[in-house]
Amino acid sequence: MTPATRNEWMTVAAARMLRDRCVCFVGIGLPSAACNLARLTHAPDIVLIYESGTIGTRPDVLPLSIGDGELAETAAFVVPLPDVFAHYLQGGRVDVGFLGAAQIDRFGNLNSTVIGDYATPSTRLPGAGGAPEIAAHARETFVMLKASKRSFVERLDFRTTAGFGEGAGARAKTTARGGGPRAVITDFGILAPHPATDELQLVALFADATLDEARDAVGWPLAVASEVKQVAPPTTHELETLRALHARTREAHARPVVLPTP
Amino acid sequence: MTPATRNEWMTVAAARMLRDRCVCFVGIGLPSAACNLARLTHAPDIVLIYESGTIGTRPDVLPLSIGDGELAETAAFVVPLPDVFAHYLQGGRVDVGFLGAAQIDRFGNLNSTVIGDYATPSTRLPGAGGAPEIAAHARETFVMLKASKRSFVERLDFRTTAGFGEGAGARAKTTARGGGPRAVITDFGILAPHPATDELQLVALFADATLDEARDAVGWPLAVASEVKQVAPPTTHELETLRALHARTREAHARPVVLPTP
Amino acid sequence: MAFLSLREAVATHVADGASVALEGFTHLIPFAAGHELIRQHKRDLHLIRMTPDLVYDQLIGMGCARKLTFSWGGNPGVGSLHRLRDAVEHRWPRPLELDEHSHAGMAAAFCAGAARLPFGTLRGYLDNDLGQANTRVRRVECPFTGERLAAVPALNPDVTFLHAQRADRAGNVALHGIVGAAREAAMAASKLIVTVEEIVDALPPAMNGIVLPHWIVTAVAHCPGGAYPSYAHGFYARDNAFYREWDAIARDRATFEAWMREHVLDTVDHAAFLASLAKRAA
Amino acid sequence: MAFLSLREAVATHVADGASVALEGFTHLIPFAAGHELIRQHKRDLHLIRMTPDLVYDQLIGMGCARKLTFSWGGNPGVGSLHRLRDAVEHRWPRPLELDEHSHAGMAAAFCAGAARLPFGTLRGYLDNDLGQANTRVRRVECPFTGERLAAVPALNPDVTFLHAQRADRAGNVALHGIVGAAREAAMAASKLIVTVEEIVDALPPAMNGIVLPHWIVTAVAHCPGGAYPSYAHGFYARDNAFYREWDAIARDRATFEAWMREHVLDTVDHAAFLASLAKRAA
């Protein structure tokens with residue numbers, strides 16, 4: 001078996017942080033892979049909710065979009081989208097939310113709106129989607145994002161989604177009821193907020209990553225926890241399960257669709 | 001065939017006022033009988049909505065409650081109750097609403113809350129139910145109520161449901177979007193609002209009722225339209241259809257329920 | 001989620017003084033749960049329900065309630081709820097505080113509760129006395145149009161009881177037919193206790209059906225016939241004759257108390273309640 | 001309700017400058033309707049849609065839109081909508097005004113529209129820049145708790161287009177599977193036009209299913225495959241490969257225009273559009 005890629009490290013590390021039976025609001029991409037890996041390994045009764053309204057879904061292959069038919073077919077039930085946000089998310093019925101972004105700052109605030117000025121951006125990004133309210137209402141959130149000086153920045157071009165705001169307890173002054181980012185899983189390891197300052201600090205490294213690599217990848221002076229753990233490498237079972245999931249997914253997505261010509 | 005009772009006159013007169021294909025928000029009792037009589041005679045494609053959320057229902061027998069199983073079984077579909085009020089009624093998707101009450105005043109305002117003082121009533125009535133917002137939002141409403149000096153009163157003990165308020169265009173100053181009471185069908189004939197003053201005036205009498213009877217039954221000096229029409233007697237077909245409906249209903253409601261003992 | 005007997009569920013999760021909603025609109029009214037509250041002599045309850053129906057007439061007449069939030073309090077198609085009337089008109093067996101709404105207002109209040117918003121908005125309570133009688137009906141101004149709309153405070157019961165057709169072994173609950181505000185009352189509650197006609201290995205497929213997932217559900221109690229004399233679509237019909245008979249039973253205090261003693265207080269559970277009626281009918 | 005061809009429905013009911021919502025969340029996206037808007041050279045449209053998707057990339061790239069109300073504008077699982085980006089970043093082919101929300105905010109706006117309330121309320125837009133970027137996000141104070149909540153203005157499109165599985169001959173429309181905000185967008189609209197996979201004598205039984213009744217529906221157009229390359233549950237799957245291919249087609253202005261000409265402008269209707277793709281694939 002080939003060694004784990006950094007994507008696989010990230011996915012496995014994120015999956016391990018999910019408790020069985022937790023209710024998880026899943027995003028497309030790495031979070032979707034991580035949540036389903038958890039479900040297929042140590043968390044068989046995890047409840048996965050995609051924002052398309054599919055609740056308790058158990059897809060055999062990863063969806064490309066947030067609303068592939070696979071998600072509806074394997075769901076316990078499907079609700080209208082407004083209900084997802086009102087009854088489940090704002091209703092406080094979601095334990096864990098997963099977020100990605102184009103930029104993150106040291107307090108876990110996220111930008112997925114624009115690079116540059118809002119009115120005349122150099123890069124227009126897809127926008128907020130569910131993120132601001134996932135971040136506000138889920139009991140805790142995980143951010144998955146590869147690190148570079150362009151993505152881990154001193155100052156966001158636009159704050160789409162609040163993490164800990166200006167830090168040092170600022171979040172508690174808002175009416176957000178969720179706890180905010182518990183961890184940022186990136187391609188060298190894991191950051192977590194300092195209990196007092198809320199500033200993200202390095203708490204764990206992947207076995208083949210170094211502190212220097214981490215510092216180089218982050219666009220602000222990276223704080224380091226008093227103890228930096230080493231993330232145990234993906235097990236054979238984890239890797240095999242993840243790779244089989246991806247293989248099934250590739251095969252399914254390549255399957256030609258019969259055009260519905262009359 | 002025995003002659004029509006006053007209840008039957010009222011039911012037939014109300015049924016005739018319903019256009020085919022109109023969307024009708026139905027209450028229990030006389031309105032339910034009138035709407036279904038219309039459906040079984042001249043208005044086969046009338047759309048009946050009961051506030052229990054049963055939409056496009058075609059009951060074979062009249063329901064005792066607003067939510068008998070018969071209504072759900074014969075409905076086009078069933079929606080949650082909040083949707084009935086938000087999407088259909090407040091959404092402006094209802095043509096006709098039917099109302100009853102314990103008291104009515106000359107401007108078609110209704111009381112179904114208390115006789116006496118609100119805090120210490122001599123008679124506690126069931127209360128508002130859907131009436132205030134049916135009256136506010138349906139394009140037009142019909143009131144069905146037997147007349148007496150106790151029910152057609154100079155002054156309501158409590159205004160549960162606004163008709164034309166203080167009259168003379170007062171309703172237009174509220175944010176109610178529906179047109180208000182178009183007719184009051186009572187056991188001597190029909191009252192309708194004067195176009196300028198909004199005061200209810202006698203516009204039609206049943207064939208066997210008199211102007212004196214009408215004046216005696218009403219607790220305020222009853223205004224009379226320049227032309228008082230005579231309501232044509234129930235036809236044999238109308239009466240037979242209505243009586244068959246009631247006979248089926250009596251039989252169904254007397255049918256013993258098998259107790260769900262284990 | 002736990003599978004409990006109804007007795008255990010009520011004993012564990014309902015404190016005296018709690019706000020309790022037994023929802024279900026004509027259909028799926030949780031009678032068994034109401035009777036168990038009476039059997040356990042719960043007191044000072046704040047009862048919440050759009051259409052109080054017979055089950056609240058019974059709770060009120062037995063002195064369980066201090067307050068009632070409601071929007072229509074009658075015996076549908078029959079007439080008055082005599083015990084409710086007696087409490088309001090004569091404070092018997094004790095005074096009853098009223099928090100009175102229209103259906104549209106109460107539906108908005110349940111929706112706000114389900115969404116954990118502090119208030120619901122509607123174009124309602126227009127030009128009538130309800131807004132004065134109930135100081136909990138207020139106004140909110142639209143920040144875009146300036147229109148003043150009615151606002152009602154969210155309803156968030158301490159405990160919501162529902163009756164449903166089925167639960168699976170994980171505690172997911174499915175209901176169908178007329179659902180009223182059952183879903184909203186469930187999502188709005190701190191605790192949700194559901195009695196069901198049957199517990200099955202797998203719920204029938206219902207892609208867009210109404211399901212209350214297991215982690216919303218505090219407890220499920222298997223309780224066949226738990227909605228009787230209301231009904232459970234697909235299981236048994238509404239006993240319209242009983243609703244008519246109730247009028248005579250409830251009209252008189254002594255008759256009411258004797259009936260409640262025989263059929264509720266002196267029966268051990270809902271199966272015994274149903275058996276006591278069957279015996280009477282035989 | 002009228003049965004019309006899609007061409008007729010668009011010609012009759014969509015004026016230049018109209019606000020138009022083509023809803024459907026990944027599933028049941030009304031592609032055929034979007035293409036017909038392009039074929040008929042509709043201009044100055046205010047496009048409304050939570051997730052613009054490829055169909056809005058096409059409308060924007062073809063110069064049909066002056067304004068976009070949205071909450072997430074990407075190619076799901078693939079990347080950017082290049083035509084949307086080009087319009088915002090380079091004003092090509094014309095400037096595009098943005099009315100940008102979060103999903104929760106836009107869902108609340110559709111719900112308010114469906115209920116004909118002037119605004120929707122949510123606990124959202126907390127401590128972020130969206131509320132500044134969009135002056136249509138305001139605050140409303142709870143009249144009970146004093147809490148300040150986000151308020152969004154109701155969305156009430158002039159015309160909503162949906163694609164659904166079935167209509168019956170009376171024009172009742174049934175859809176199932178992932179429904180997104182389709183129901184709310186339908187109830188919020190002045191006019192509702194629905195393309196359907198099939199027209200049947202009687203809809204399948206769906207007691208608590210999602211039905212849009214005939215008197216809400218302005219027109220039904222029979223349009224098999226009308227959601228392709230999105231999908232219709234029970235009829236055909238999402239063409240994920242096409243979504244990937246779109247990235248290359250849309251990245252370059254000339255490639256995009258050539259594709260649109262060949263497959264949309266030069267095809268007479270949706271059946272011809274599908275046939276043109278089949279030919280290409282063969």
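Nothing here was measured: the structure is a model prediction, and the numbers come from that model.

Undergrad: Is there a simple way to think about the nonpolar core in this case?
TA: Burial of nonpolar side chains together is a common tendency in soluble globular proteins. Within the largest apolar cluster, 355 residues are counted, with the highest numbers of intra-cluster contacts made by Leu18 and Phe188 of chain A, Leu18 and Phe188 of chain B, Phe161 of chain C together with Phe161 of chain D. Among residues more than four places away in sequence, those in contact with Leu18 of chain A are Cys24, Ala34, Cys35, Ala38, His42, Ala43, Ile46, Val96, Phe98 and Phe142 of chain A. Of all hydrophobic cores here, the second largest spans 19 residues; its members include Ala112, Phe119 and Val140 of chain C together with Phe144 of chain D.

Undergrad: Which parts of the structure should I look at to understand the packing of aromatic side chains?
TA: Any pair of aromatic rings gets described here by the distance separating the centres and the angle formed by the planes. Taken as a whole and judged by the stated rule, the model has 24 aromatic pairs over all chains. Judged by centre distance (6.0 Å) and plane angle (55°), the ring pair of Tyr88 of chain B and Trp215 of chain D falls under tilted. Of the two residues, Tyr88 of chain B sits in helix H4 (residues 81–89) while Trp215 of chain D sits in the loop between strand S14 (210–212) and strand S15 (219–222), which places them in two different chains. Seen from their ring centres, Phe98 of chain B and Phe142 of chain B are 5.5 Å apart, and the 35° between their planes marks the pair as tilted. One end of the pair, Phe98 of chain B, is in strand S5 (residues 96–99); the other, Phe142 of chain B, is in strand S10 (residues 140–144), and 44 residues separate them in sequence. Since its relative accessible area comes to 0%, Phe142 of chain B is described here as buried.

Undergrad: What exactly am I supposed to notice about the sheet that holds strand S11 (residues 181–185) of chain B here?
TA: Pairing between the strands of a sheet comes from backbone hydrogen bonds, and it takes one of two forms, parallel or antiparallel. Residue and element names in this part refer to chain B. With mixed pairing, the 10 strands of this open sheet are ordered in space as S4-S3-S2-S1-S5-S10-S11-S12-S13-S14. What marks the edges here is a single partner per strand, and that holds for strand S4 (77–78) and strand S14 (223–231). As defined by bridge partners, strand S1 (residues 23–26) adjoins strand S2 (residues 47–50) across four bridges and the pair is classed as parallel. Residue pairing in the sheet places Val23 in a bridge with Val47 of S2. Sheet strands in contact with helix H1 (residues 6–16) are S5, S10, S11, strand S12 (189–193), strand S13 (200–206) and S14, and its direction is about 115° off that of S13. Lying over the sheet, helix H2 (residues 30–40) contacts S1, S2, S5 and S10, oriented at roughly 160° with respect to S2.

Undergrad: Would you explain the interface of chain B and chain C in this entry?
TA: Each side of the interface is counted separately: chain B has 52 residues, and chain C has 59 residues. Of the roughly 4,500 Å² buried between chain B and chain C, counting both surfaces, carbon and sulfur atoms make up 65%. Along the contact surface separating chain B from chain C lie three salt bridges. As a salt-bridge pair, Asp127 of chain C and Arg159 of chain B come within 3.2 Å of each other at their nearest N and O atoms. On the surface where chain B and chain C come into contact, there are 19 residue pairs in polar contact (both at pLDDT 80 or more). Of all the elements in the fold, those that place two or more residues in the side of chain B that touches chain C are helix H3 (69–73), H4, strand S9 (121–124) and helix H5 (131–137) of chain B. When its residues are assigned to classes, the side of chain B that touches chain C shows 24 nonpolar, 21 polar and seven charged.

About the cut-offs
Residues numbered from 1 in each chain as written. Chains lettered and ligands numbered in written order. Predicted model: local features only at pLDDT ≥ 70, side-chain atom pairs only at ≥ 80, totals over all residues. Heavy atoms only, no water. Core = buried A, V, L, I, M, F, W, Y, C linked by side-chain atoms within 4.5 Å. Buried < 20%, exposed > 50% of the residue type's maximum accessible area, 1.4 Å probe, protein only. Contact = heavy atoms within 4.5 Å. Phe/Tyr/Trp six-rings, centres within 6.5 Å; stacked < 30°, edge-to-face > 60°. Helix = DSSP H or I, 4+ residues; strand = E, 2+ residues; numbered from the N terminus. Pairing = 2+ DSSP bridges. Axes fitted to C-alpha atoms, helices over the stretch in contact; angles between N-to-C directions. Buried area = accessible area lost by both parts, 1.4 Å probe. Salt bridge = Lys/Arg side-chain N within 4 Å of Asp/Glu carboxyl O. Polar contact = N/O pair within 3.5 Å; in protein donor to acceptor, adjacent residues only side chain to side chain. Nonpolar A, V, L, I, M, F, W, Y, C, P; charged D, E, K, R; others polar.

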